[in-house]
There are 2 protein chains.
Amino acid sequence: MISVVILGTGKVATHLFLALEPLKAVTVVQVYGRSVSALKAFESKVATTSAISQLLPADIYLLAVSDNAIADVSKNLSTLKGLVAHTSGSMPLETLETHRKGVFYPLQTFTKGKSVDFERIPICIEAETFEDKELLRQLGLAVSKQVYELDATKRAPLHLCAVLVNNFTNHLFQIADEICQVQNLPFELLLPLIGETIEKLQFLTPKEAQTGPAVRNDQQTMQRHVTQLTQPLHQAIYLLLSESIKQVHEKELQRIP
Amino acid sequence: MISVVILGTGKVATHLFLALEPLKAVTVVQVYGRSVSALKAFESKVATTSAISQLLPADIYLLAVSDNAIADVSKNLSTLKGLVAHTSGSMPLETLETHRKGVFYPLQTFTKGKSVDFERIPICIEAETFEDKELLRQLGLAVSKQVYELDATKRAPLHLCAVLVNNFTNHLFQIADEICQVQNLPFELLLPLIGETIEKLQFLTPKEAQTGPAVRNDQQTMQRHVTQLTQPLHQAIYLLLSESIKQVHEKELQRIP
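Rules used throughout
Residues numbered from 1 in each chain as written. Chains lettered and ligands numbered in written order. Predicted model: local features only at pLDDT ≥ 70, side-chain atom pairs only at ≥ 80, totals over all residues. Heavy atoms only, no water. Pairing = 2+ DSSP bridges. Helix = DSSP H or I, 4+ residues; strand = E, 2+ residues; numbered from the N terminus. Contact = heavy atoms within 4.5 Å. Axes fitted to C-alpha atoms, helices over the stretch in contact; angles between N-to-C directions. Buried area = accessible area lost by both parts, 1.4 Å probe. Salt bridge = Lys/Arg side-chain N within 4 Å of Asp/Glu carboxyl O. Buried < 20%, exposed > 50% of the residue type's maximum accessible area, 1.4 Å probe, protein only. Right-handed = clockwise from strand over helix to strand, strands pointing away. Phe/Tyr/Trp six-rings, centres within 6.5 Å; stacked < 30°, edge-to-face > 60°.

Undergrad: How should the sheet that holds strand β6 (residues 101-106) of chain B be read in this particular structure?
TA: In sheet architecture, strand pairing relies on hydrogen bonds along the backbone and comes in two forms, parallel and antiparallel. All names here are of chain B. One open sheet holds the eight strands; their spatial order is β3-β2-β1-β4-β5-β6-β7-β8, and the pairing between them is mixed. Strands at the two margins of the open sheet, each flanked by one partner only, are β3 (48-49) and β8 (147-149). The pairing of strand β2 (residues 26-32) with β3 spans two bridges and is classified as parallel. Among the inter-strand pairings, V31 is bridged to a residue of β3, identified as T48. The strands touched by helix α4 (residues 130-143) are β1 (2-7), β2, β4 (60-63), β5 (83-86), β6, β7 (123-127) and β8; relative to β7, the strand with the most contacts, the crossing angle is about 165°.

Put into structure tokens, the structure is as follows:
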């Protein structure tokens, strides 16, 4: 049985609590949060505190606070005997100023009010000692089928990739949604296409799956699209992404007789 | 029973043939292609020809050729009695120089060798007369559950949206795939995250679903990401998409106390 204290009351903390709390192999002994009102959501299910001095003993302290707060909060955890692991994709292990340091990074996007299937989430772990790595691996395997030991040199590019495939992709959806609203078209029309975009990845590399006017260097269609976009920033995004696609596929284009 | 001749042997033509050929309500009577070798793939299943003069009579001629070839090919179809419909998202109906003009645009990305479920593909139709619209609607409903009558003023922005959510999204996947290859990380690690990005759209608008450093205006993380990107074009894409996300969510950021 692994005992865990969760520090934080935001989206990552909440999703971790919901995933860990039902597990037989894990006991969430306490949730810590600065804000008494944010702790209210946890009070009926677990002990809570807003005082660092009242943290209970635990094997692992999961520090699910914002990246910029990790160093500051961890300064106050330097006397803890347990392993302190932050949950950030982009911060190095050394950000922690604790006795025992770890990283427990679930590679996923968490939204308030929407549950996720933790079993399928890759958990990226890092620690300084063999024992601490094993402890984090045990916790990871209790909640997910995929646990990877990755140090910061691998975790940082992975986090960058996560921004590309999730945050930026979602922003393109948002621009499309705006266009649909202006044109009074239902955004749902695009869902089968979006679904197929993802499904292709099971069979093809993204490079193989690329289609559209930019890959054919179809200047007329691209020009028509740019003039349809009303915001200069969206026009710039269109031109830049098209140029990038064109450059990747230029060699293939030259091979077409 | 609707009789159909397919003109073209590329990806769209092939997928249309595969979708229409098994239907009871439709007979594909012929496939036309300029290239005799490309027609070989169809020969065992349907009559083929590479001579416009030998086109068989049919209710509908589906013109699945590249956008830039539509006008030219259609010039040679001006004596046909049947309805000629192109399959392009971005070309107006008037591109056709035929007696009866139509559009039959399946909103999907087609890849050689990967089958798609046509039932879920929105089919966008347009024609000049009520009778021709009904004919295209019948053909659409024979193959798909979703048929929409959209003229060029709606179809053009929809096609632009398709480029945003499919072509550009796929290119972001490709940049991530490149990073993974350089870092010796499996791209598959990102698939659950990509899956969740799409799943969120069932519950939230893309604007509501937005997460990441740009929406928080987390300059430190964004700066770290940009320095990790080795290609100037990728850096520019990162900065531009982040700026665009920031601008959309700036008002929300200001509301956070």
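So much for the structure itself; the text now carries on.
Undergrad: Sorry if this is basic, but what is going on with the interface of chain B and chain A here?
TA: Note on interface size: it is often stated as the accessible area lost on association of the parts. Taken together, the contact between chain B and chain A spans 89 residues of the former and 89 residues of the latter. Interface area, chain B with chain A, both sides summed: about 8600 Å², of which 70% is carbon and sulfur. Where chain B packs against chain A, one counts four salt bridges. For B:E199, the salt bridge identified is with A:K114, shortest N-O distance 3.4 Å.

Undergrad: Help me understand the pairing of strand β1 (residues 2-7) of chain A in this model?
TA: In summary, the side chains of a regular strand alternate between the two faces of the sheet. Residue and element names in this part refer to chain A. A large share of β1 lies buried, amounting to six of its six residues. Neither face of β1 is open: one carries I2, V4 and I6, the other S3, V5 and L7, and all of them are buried. With helix α1 (residues 11-20) bridging β1 and its parallel neighbour strand β2 (residues 26-32), the resulting β-α-β unit is right-handed. Pairing between β1 and strand β4 (residues 60-63): four bridges, direction parallel. For L7, the partnering residue across the bridge sits in β4 and is L63.

Undergrad: I would appreciate a short explanation of the packing of aromatic side chains in the present structure.
TA: By convention here, two paired aromatic rings are described through the distance between centres and the angle between planes. Residues and elements named next belong to chain B. For the structure on display, the rule yields six aromatic pairs over all chains. With a centroid separation of 5.4 Å and an interplanar angle of 85°, the aromatic rings of F17 and F42 are classed as edge-to-face. Here F17 is found in helix α1 (residues 11-20), whereas its partner F42 is found in helix α2 (residues 36-43), with 25 residues between them in sequence. F42 carries the same exposure label as F17, and that label is buried. A centroid spacing of 5.8 Å and a plane angle of 20° characterise the contact between F110 and F118, whose relative ring orientation is stacked.

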